[in-house]
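Commentary on secondary and tertiary structure
If you want the building blocks of each chain, they are given just below.
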Number of protein chains: 2
Amino acid sequence: MSDPSVLIERAKAGDKRALGRLLTLLEELNADNAWILERLSSEGGRAHVVGITGMPGAGKSTLISRLVRAFRDMSYKVAVISIDPTSPISSGSIMGDRLRMQEHATDPGVFIRSVTNRGILGGVSLAALAMIEAFDVMGYDKIIVETVGVGQSETDIMNVADTIVVLTMPGAGDDVQALKAGVFEIGDVYVVNKSDRPDAAKTYEYMLFVAEKEALGRGGSWRPAVVKTSAALGLGIRELAETINRHFSYVLESGEKERRLIARRTHLVRLVAARLLLQSLSEVMEGERERVGKVVRDMRGFYDEAMRIVRLTGKRLVE
Amino acid sequence: MSDPSVLIERAKAGDKRALGRLLTLLEELNADNAWILERLSSEGGRAHVVGITGMPGAGKSTLISRLVRAFRDMSYKVAVISIDPTSPISSGSIMGDRLRMQEHATDPGVFIRSVTNRGILGGVSLAALAMIEAFDVMGYDKIIVETVGVGQSETDIMNVADTIVVLTMPGAGDDVQALKAGVFEIGDVYVVNKSDRPDAAKTYEYMLFVAEKEALGRGGSWRPAVVKTSAALGLGIRELAETINRHFSYVLESGEKERRLIARRTHLVRLVAARLLLQSLSEVMEGERERVGKVVRDMRGFYDEAMRIVRLTGKRLVE
């Protein structure tokens, strides 16, 4: 039943349960099933990967839900991958999928999936990148990756998305904090959400200034766009969808899409290699646990011990 | 100036700037400076590591600030390590250290440090564990690690803390979500914060029930405690500090402290080894980037390529 080849065929035929199982396999990628990725991806490379980041409270989930609807109205198939642990979508793997996104639950052209942390180093990034490949092959046109904009996984995803959308909201404090955190250096599209609030105009002006500054610092002819929305009221969503599409046309025509695709897949090779390395390390540690425990009790010989483990792992890998 | 041996000596003599620099080195641990850990830790192993977890909004930062004060009143030296990216303490490395925790800024017996994500796989866990060793050696009695309770780093820390404090607040929704997320399976001490709110009694009753259930499922004679606080009003803080101390007496007497110390340091060996493995992988990838990019463009040969990278890395390690 969960033979990956069968799952791939069924998922391609539109079987959502099969796709769900396939995604679970990809989340738990290891030496025995890493070949699935290769099988999956030889046909992909067409999808538009949209990274959406923003601080908790900016209304990300509601905005994404609206954006999914807008893309559906344009007849795109849409997948959402949530790697924001504070998101209702993501916490999520537990409840959120069924809550906020409920309106899309019965739509065969929408698939929403959160990446759970299964306690594996680098697991979130690898799972998200592998899922992108899967959704791509399955014919999803828009793959939205939701992140909170901090942490390794976010950085990984943002570096390889085709379009990066940065969400902000009225309130200077947040802006300054996000600015200092460097969030505003990456956006292709900036969104001022909750723009029905009276203090929105100031934030909008500020974001225009940020975009202007960005435009100067970058190569290429794309000038970061600023869009006003109110996700709660459903305002500005279509304009946002169109702006995101316009950016995709830009990356396609400029050759940037090809460059990002290669970067994404190269990073995936690296993450798979890292997973296999760490799997080997785990196996070595398992066998050496008792000895390591004795040595490290008072930390004398700690470094030699770490080096010994590294060499044992290396040896295991070349065998 | 930043010769690690000199920094260690100065930090031991109470020089906070030297300690700060040392922590930065530990954050960026690599093959060239991993020996610092060994130098540091041979004298440690005495500190009480307290992991504090809780959803954003539960008042964690305020509670920790109060708890620091309470421990100071008991004449303990206190360190705080924040690995919660949404915490004002942590975001933090940027602003928070100076904001919420300001009252402790001039206290020579308090050191507050957030762990920033420097884009290195597993970096947060390694940095936090290495910092624990540093604070331990420098004579800090209580090392508080603040986490948001989700993600790999949190799991890592919680597995190796001596005492785990789980923070909740009135509001059934949160409880159910946290319960489903498994947060409530790990606490040694549960805190119902904002207990001045009218709906606090229900949550308190519920947490007593959770603690009761936990007590049944565990070995050992410790029965998870439930403490009511209002961090904002400063209520229940001393009782919380005393309960945390009582748990420390328990782990010391039961031999659990020794077991957790060894587990913590064994995990540190593993993380250092992982860091060195991944450093090797980066070097290999650097040299192979062009070839990998060509191969992965259409993903044919993807898996063989990942395996080739793994073997190259292994080879490099045994040389």
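It should be emphasised that the depicted structure is a prediction, and the values quoted were computed from it without experimental measurement.

1. What to know about the packing of aromatic side chains
The full count for this structure, using the stated rule, is 10 aromatic pairs over all chains. Summarising the aromatic geometry, the rings of Y206(A) and F209(A) are spaced 6.3 Å apart at their centres and angled 35° between planes, so their arrangement reads as tilted. Residue Y206(A) and its partner F209(A) are located together in helix α8 (residues 200-217), separated by 3 residues, close to a single helical turn. The exposure class assigned to Y206(A) is partly exposed, which follows from its relative accessible area of 25%. Judged by centre distance (5.5 Å) and plane angle (55°), the ring pair of F111(B) and F135(B) falls under tilted. With F111(B) in strand β3 (residues 110-114) and F135(B) in helix α5 (residues 123-137), the pair connects residues that are 24 residues apart, well separated along the chain. Of the two residues examined, F111(B) and F135(B), each falls in the buried class. One aromatic cluster in this structure is built from F111(A), F135(A) and Y140(A).

2. Details of the side chain of H247(A)
Residue and element names in this part refer to chain A. Within the secondary structure, H247 is located in helix α9 (residues 237-254). The exposure class assigned to H247 is buried, which follows from its relative accessible area of 1%. Polar contacts involving the side chain of H247 include one to the side chain of T163, which spans 2.7 Å. Sequence-distant contacts of H247, that is, excluding residues within four places in its chain, are made with D162, T163, D188 and W222.

3. Brief notes about the domain arrangement of chain A
All names here are of chain A. Taken domain by domain, chain A consists of domain 1 (1-42), domain 2 (44-254) and domain 3 (268-318). Taken together, the contact between domain 1 and domain 3 spans 7 residues of the former and 5 residues of the latter. Inspection of the domain 1/domain 3 interface yields 0 salt bridges. Counting every contact that joins domain 1 to domain 3 gives 1 residue pair in polar contact (both at pLDDT 80 or more). Classifying every residue of the side of domain 1 that touches domain 3 gives 4 nonpolar, 1 polar and 2 charged.

The rules behind each value
- Residues numbered from 1 in each chain as written.
- Chains lettered and ligands numbered in written order.
- Predicted model: local features only at pLDDT ≥ 70, side-chain atom pairs only at ≥ 80, totals over all residues.
- Heavy atoms only, no water.
- Phe/Tyr/Trp six-rings, centres within 6.5 Å; stacked < 30°, edge-to-face > 60°.
- Helix = DSSP H or I, 4+ residues; strand = E, 2+ residues; numbered from the N terminus.
- Buried < 20%, exposed > 50% of the residue type's maximum accessible area, 1.4 Å probe, protein only.
- Polar contact = N/O pair within 3.5 Å; in protein donor to acceptor, adjacent residues only side chain to side chain.
- Contact = heavy atoms within 4.5 Å.
- Domains from an automatic or database assignment.
- Salt bridge = Lys/Arg side-chain N within 4 Å of Asp/Glu carboxyl O.
- Nonpolar A, V, L, I, M, F, W, Y, C, P; charged D, E, K, R; others polar.

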